[in-house]
Amino acid sequence: MCEFCLKHGEGQKWYLQANNYSEDLLNDIRRRKMIENFAADGESTAKTIEKMDKLSTAPKFIQALVRRLVPRKMKKRHYGQVVPIEDVEKIFGFVNSIVRVACYCRHFTVGKEKRYCYGISMGPNGGKFGELMKNVDTSFLTGPDSVGAETLTKEQAIASFREHEKEGLCHTVWTFQTPFIGGICNCDRADCLAMRSTVTHNIPVMFRAEFIAEANPDKCVGCRQCMKLCQFGAISYSASNKKAVIDKMKCYGCGICRAACVKDAIHLEPRANDPVVAKIW
Ligand code: SF4
Ligand code: SF4
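Criteria and thresholds
Residues numbered from 1 in each chain as written. Chains lettered and ligands numbered in written order. Predicted model: local features only at pLDDT ≥ 70, side-chain atom pairs only at ≥ 80, totals over all residues. Core = buried A, V, L, I, M, F, W, Y, C linked by C-beta atoms within 7 Å. Buried ≥ 20, exposed ≤ 12 C-beta atoms within 10 Å, placed from the backbone. Helix = DSSP H or I, 4+ residues; strand = E, 2+ residues; numbered from the N terminus. Domains from an automatic or database assignment. Contact = placed C-beta atoms within 7 Å. Near = placed C-beta within 6 Å. Nonpolar A, V, L, I, M, F, W, Y, C, P; charged D, E, K, R; others polar. Pairing = 2+ DSSP bridges. pLDDT = per-residue confidence, 0-100.

A. Looking closely at the nonpolar core. V82, C226, C230 and C257 are the most contacted members of the largest nonpolar core, which has 72 residues in total. Per-element accounting of this core gives the leading share, four residues, to strand β6 (residues 181–187). Split by domain, the residues of this core number at least three in each of domain 1 (3–207) and domain 2 (211–273). If we skip the residues at most four places from it in the chain, C226 touches I235, A244, C257, A260, C261 and I266.

Below, the structure is given as structure tokens:
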């Protein structure tokens, strides 16, 4: 169990606790302001990306300080966790509305709007979160795929997530003033700021999943399709055995590799069951 499961889930998966999505949490004024202002300061986001990309050239003590302080701050404000599609389905099972919106990260990293982010709420028709989203200034989004929030049924949303899996996009839940959870994103390492920060620059702003992947050598035929989808470089190919090999130290447990495997050779196991990675988040 990750730190949030202990603090915000009473020892269970924190993102499967309905109270972490509650409308009551949205009555907190600071949280409402944070959500309203979330996308407002594009200039500051651009500067953050620039600083993050230059961090490796900074003195070592600065790097160490950033790596210690940023996660601490983000855990209170806006922190994420990788979730496999089975758990996304469970979340969609108890929330009452799902809206698809353009991805904020991709606007800044690649200058394109793509509908990869999903707002979730316990209230009907978007609930209070939907109301707040209407106040968010998204005028910076100018692409053809960025207009408005699109309400989806649970079935439409999960079908959309399955399409994202074919593109190799990793599902992540996000807090807005922890522990309130307001969104699920579909991330890749090149475009998503959280993955760039966590994986590329080693400044964690999200936890790995509560799972790790294992490949069954008896089923694997060594086609290597799974390697193309793994955003974390966790799968290699053994030429001697002609099999895929998953490095559990690198695996984030997203389960996306399974979408590529027609032999059903990869499955997820609870991270907690493996003493080697049980405490690696
Ligand atoms: S996609 Fe499946 S069969 Fe192909 S290499 Fe990966 S685990 Fe093996
Ligand atoms: S090997 Fe691990 S990190 Fe890579 S796609 Fe599979 S589950 Fe995700």
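On we go from here.
B. View of the site of ligand 1. For ligand 1, the set of nearby residues contains 14 residues, the closest of which are C220, C223, C226, A244 and C261. Among the residues making up the shell around ligand 1, the classes are represented as 10 nonpolar, two polar and two charged.

C. View of the sheet that holds strand β4 (residues 150–152). Spatially, seven strands are ordered β4-β2-β3-β6-β5-β1-β7 in an open sheet, and the strand pairing comes out mixed. Edge positions in the sheet fall to β4 and β7 (206–207), since each of these pairs with one other strand and no more. Bridge analysis of strand β5 (residues 170–175) against β6 gives six bridges, and the strand direction is antiparallel. Each bridged residue has a counterpart across the sheet, and for V173 the counterpart in β6 is I184.

D. Summary view of unusual backbone geometry. Cis geometry marks the peptide bond from T178 to P179; its omega dihedral reads 15°. Its identity is not glycine, yet N202 carries a phi of approximately 55°, on the positive side. Within the fold, N202 resides in the loop between α9 (193–200) and β7. C-beta crowding within 10 Å serves as the criterion here: with 12 such atoms nearby, N202 is assigned to the exposed category. With phi around 55°, D264 is a residue other than glycine that occupies positive phi space.

E. Region of interest: α9. Where burial is concerned, most of α9 is hidden: six out of the eight residues are buried. Those residues of α9 that fall on the buried side of the exposure criterion are A194, M195, R196, S197, T198 and V199. One or two steps after α9, the chain reaches N202, where phi turns positive at roughly 55°.

F. Highlighting the environment of E113. One can find E113 in the loop between α6 (104–110) and β3 (117–121). C-alpha separation for the pair E113 and C103, spaced 10 residues apart in sequence, amounts to 6.2 Å.

G. Here's a closer look at the confidence of the model for the chain. Looking at the chain, the pLDDT average stands at 89 and 93% of residues meet or exceed 70. When mean pLDDT is taken per element in the chain, strand β1 (residues 80–82) scores highest with 98 and helix α7 (residues 127–135) scores lowest with 71.

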